[in-house]
Amino acid sequence: MKKRFFSAVLAILLVLSACGQKSTGGLSGAVGQTDASTEEVAFNDDTQTEQEETEQVMEPSISTRKDQHAASIIVAMAFLPEEKPESTLKQADVDCETFQWLTSTYAVYCYHTGRDFHLIGGYSDETQEGYDSLAVGLEQSWGITDRASALDDIAWLIAGGHSQGYNEEIQTMADVGILYCDDVEFEAFFLELQELNGWTDEERTDTKYYYRKLRDIYEESGKNGIDAWDYSRAMQLCGQCYHLGYLTLEETLEIQLAIGQAIQAEYSSWDDWNRSYVNGYEYWTYGNGSAASRRWSYQKLTYEEDNPFAILDFNMPLEKFWE
C-alpha cells in the first residue's frame, strides 16, 4: 500500500513541474492537434511585433495558483503511516470555529444533499446512519475501498484534479482561436465543426454552450476558475473517509487544515470561493444545466439563520486545534 501511494506522489509531483501540455481530448479530438510547424514559426520569427509578443505572454498555461500549494500538501500526506494509527479523538472533542470553517468549505454540498454541514463529511459519529451507502458511493464513484485508495484520490484532487482538465480545455480553445474571438467567429467555428463531425443541431448547441461557459469562467477567473471544486471535494472526501475508518480524525484535520490555509491564500471571500465551486460543478457536469440547482442551493443557504458564510470570517486565523 505504501509503495502504491509513494508512486502516486512521485507521479503527481512530476505533473506539478510540467507546464504547457497539449490536450488530446475535448476540442482537440474534434479539430485535431495544433500544427507544430505553425507554432515553431510563431516562436522563431525574429520580426514578431511587440503586440504579438504581448499576446503570446497572455496565452494560458497549465500552471495555476493551486500548483503553488499542492506540493507541500501532497508531501505532508506522503509521510502518513502505512497503517492507520490508533485514535480515540471524535468530532465532539474538537468542535470550534476553525472546525466549523473547515466543514463550511463543503457546506453547499451538504445542504444540497440534505446532510448536516456542521458535521465533518456531513455525517455523525454517534448514529453511523448512512455509512453503508456512503461506502458504496465512494467505491462506485471514486474507487475508494481502503486507506491507500482514499489518499490517492485526495492527492489527485489537490495536485491536478478537474482543474487540470479545465486548463487543458482552455489551452485548446486558445490554440484553435476561440478563447478571445468575437461572437460571430465563435458561432462560425461551431457551425464548421458541426459540418465536419456530422453533429445534429442539438449536439452543436450543447457543445457550443459548454465552451461558451468555459470561456465565461476563464474571462471571470482565469486559469484558477474551478479550483474550489477540487478543494471542496478533497475536504469532503477527507471527512467521509474518516467516518469509514480509512483515516483518523487527527489525520483528516491535518490534511484539511493544510488545504484550508491554501484556500485562504487563493480566495478573497466566501462569495469568491463559492463562485469557483459552482463553476467547477458546471464544468464537471459538462454544462448540462444542473449547476443551476447547485447555485440555487448556495443562494438558499445564505438565507438560513445558521448560514456559515455569514457567521464565519473567511479570513479568520486557521490553526491546529486538536492534540
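In this text the structure is predicted, and so the values were computed from the model without any measurement. (Residues numbered from 1 in each chain as written. Predicted model: local features only at pLDDT ≥ 70, side-chain atom pairs only at ≥ 80, totals over all residues. Heavy atoms only, no water.)

When helices and strands are tallied, the chain shows 17 helices and 0 strands. Looking at the 323 residues of the chain, the share that counts as buried comes to 49%. A fraction of 81% describes how many contacts in the chain between residues 6 or more apart in sequence connect residues 24 or more apart. For the chain, the exposed area adds up to about 15700 Å²; of that, 50% sits on carbon and sulfur atoms. (Helix = DSSP H or I, 4+ residues; strand = E, 2+ residues; numbered from the N terminus. Buried < 20%, exposed > 50% of the residue type's maximum accessible area, 1.4 Å probe, protein only. Contact = heavy atoms within 4.5 Å. Areas by Shrake-Rupley, 256 points an atom, 1.4 Å probe, with all protein chains shown as cover.)

A separate point is the layout of surface pockets. Counted as a void, the second largest pocket has a volume near 340 Å³. In terms of lining residues, the second largest pocket is bounded by 17 residues, among which Tyr 109, Ser 141, Trp 142, Arg 233 and Gln 236 are the most central. When residues of the lining of the second largest pocket are traced back to their parent elements, those giving at least two are helix 7 (107-113), helix 8 (131-142), helix 13 (227-243) and helix 15 (270-284). Each residue belonging to the lining of the second largest pocket can be placed in one class, and the counts come to 8 nonpolar, 6 polar and 3 charged. (1 Å grid on protein atoms, 1.4 Å probe; cavity = no way out; pocket = protein on both sides within 12 Å on 5 of 7 lines; lining within 4 Å. Points joined across faces, edges and corners; volume = space filled by probe spheres on them. Nonpolar A, V, L, I, M, F, W, Y, C, P; charged D, E, K, R; others polar.)

Once that is clear, we can look at helix 15. For helix 15, which comprises 15 residues, the first-to-last C-alpha distance of 21 Å matches the rise-based estimate of 21 Å (1.5 Å per residue) to within 8%. Downstream of helix 15 by one or two residues, Tyr 286 has phi in the positive range, about 60 degrees. (Expected span 1.5 Å × (residues − 1).)

Right, let's talk about unusual backbone geometry for a bit. In this structure, Gln 128 is a non-glycine residue whose phi angle is positive, near 55 degrees. Among the residues examined, Gln 128 registers a relative accessible area of 49% and is labelled partly exposed.

Turning our attention to the nonpolar core. Ranked by size, the top nonpolar core spans 64 residues in total, and within it Trp 101 and Ile 259 carry the most contacts. Among the elements that make up this core, the one with the highest residue count is helix 13 (9 residues). Leave out the neighbours within four places in its chain, and Trp 101 touches Gly 260, Ile 263, Gln 264, Trp 270, Leu 312, Asp 313, Phe 314, Met 316 and Leu 318. (Core = buried A, V, L, I, M, F, W, Y, C linked by side-chain atoms within 4.5 Å.)

Attention now goes to helix 11 (residues 183-197). Between its first and last C-alpha atoms helix 11 spans 21 Å; for 15 residues at 1.5 Å apiece the expected length is 21 Å, and the two agree. Considered for burial, the residues of helix 11 that qualify are Phe 186, Phe 189, Phe 190, Leu 193 and Gln 194. End-on view of helix 11: buried residues confined to an arc of 140 degrees, all on one side of the axis. Facing away from the buried side of helix 11 by more than 90 degrees, the exposed set consists of Val 184, Glu 192, Glu 195 and Leu 196. If you check the start of helix 11, you find a side-chain oxygen 3.2 Å away from the backbone N of Val 184, and it comes from Asp 182. Just past helix 11, the residue Gly 198 takes up positive phi, approximately 70 degrees. (Arc of directions from axis to C-beta. Polar contact = N/O pair within 3.5 Å; in protein donor to acceptor, adjacent residues only side chain to side chain.)

Once that is clear, we can look at the packing of helix 5 (residues 65-78) against helix 14 (residues 249-266). Their axes nearest at 10 Å, the elements helix 5 and helix 14 cross at an angle of 170 degrees. Classed by the angle they form, the pair helix 5 and helix 14 counts as roughly antiparallel. Note on packing geometry: the crossing formed by helix 5 with helix 14 is right-handed. Listed contacts from helix 14 to Arg 65, Lys 66, His 69, Ile 73 and Met 77 of helix 5 are Ile 255, Ala 258, Ile 259, Ala 262, Ala 265 and Glu 266. Residue composition of the contact of helix 5 with helix 14, by class: 7 nonpolar, 1 polar and 3 charged. (Axes fitted to C-alpha atoms, helices over the stretch in contact; angles between N-to-C directions. Parallel < 35°, antiparallel > 145°, perpendicular 65-115°, else oblique. Left-handed = near helix turned anticlockwise from the far one by under 90°.)

One pass over the full model with this rule turns up 20 aromatic pairs. Judged by centre distance (5.8 Å) and plane angle (45 degrees), the ring pair of Trp 101 and Phe 314 falls under tilted. Pair noted here: Trp 101 is in helix 6 (residues 97-104) and Phe 314 is in the segment after helix 17 (308-311), with a separation of 213 residues, a long-range link. Residue classification places Trp 101 among the buried residues on the basis of a relative accessible area of 0%. Aromatic pair Trp 270 and Phe 314: ring centres 5.0 Å apart, planes at 85 degrees, arrangement edge-to-face. Of the two residues, Trp 270 sits in helix 15 while Phe 314 sits in the segment after helix 17, which places them 44 residues apart along the sequence. In this structure, Trp 270 and Phe 314 share a single accessibility class: buried. Among the aromatic side chains, those forming a connected cluster through ring pairs are Tyr 166, Phe 186, Phe 189, Phe 190, Tyr 210, Tyr 211, Tyr 283 and Tyr 286. For Arg 65, the ring lying beneath its charged end belongs to Tyr 267, and the centroid distance is 5.8 Å. Directly above the aromatic system of Tyr 231 lies the positively charged group of Lys 66, at a separation of 6.0 Å from the ring centroid. (Phe/Tyr/Trp six-rings, centres within 6.5 Å; stacked < 30°, edge-to-face > 60°. Lys NZ or Arg CZ within 6 Å of the ring centre and 35° of its normal.)

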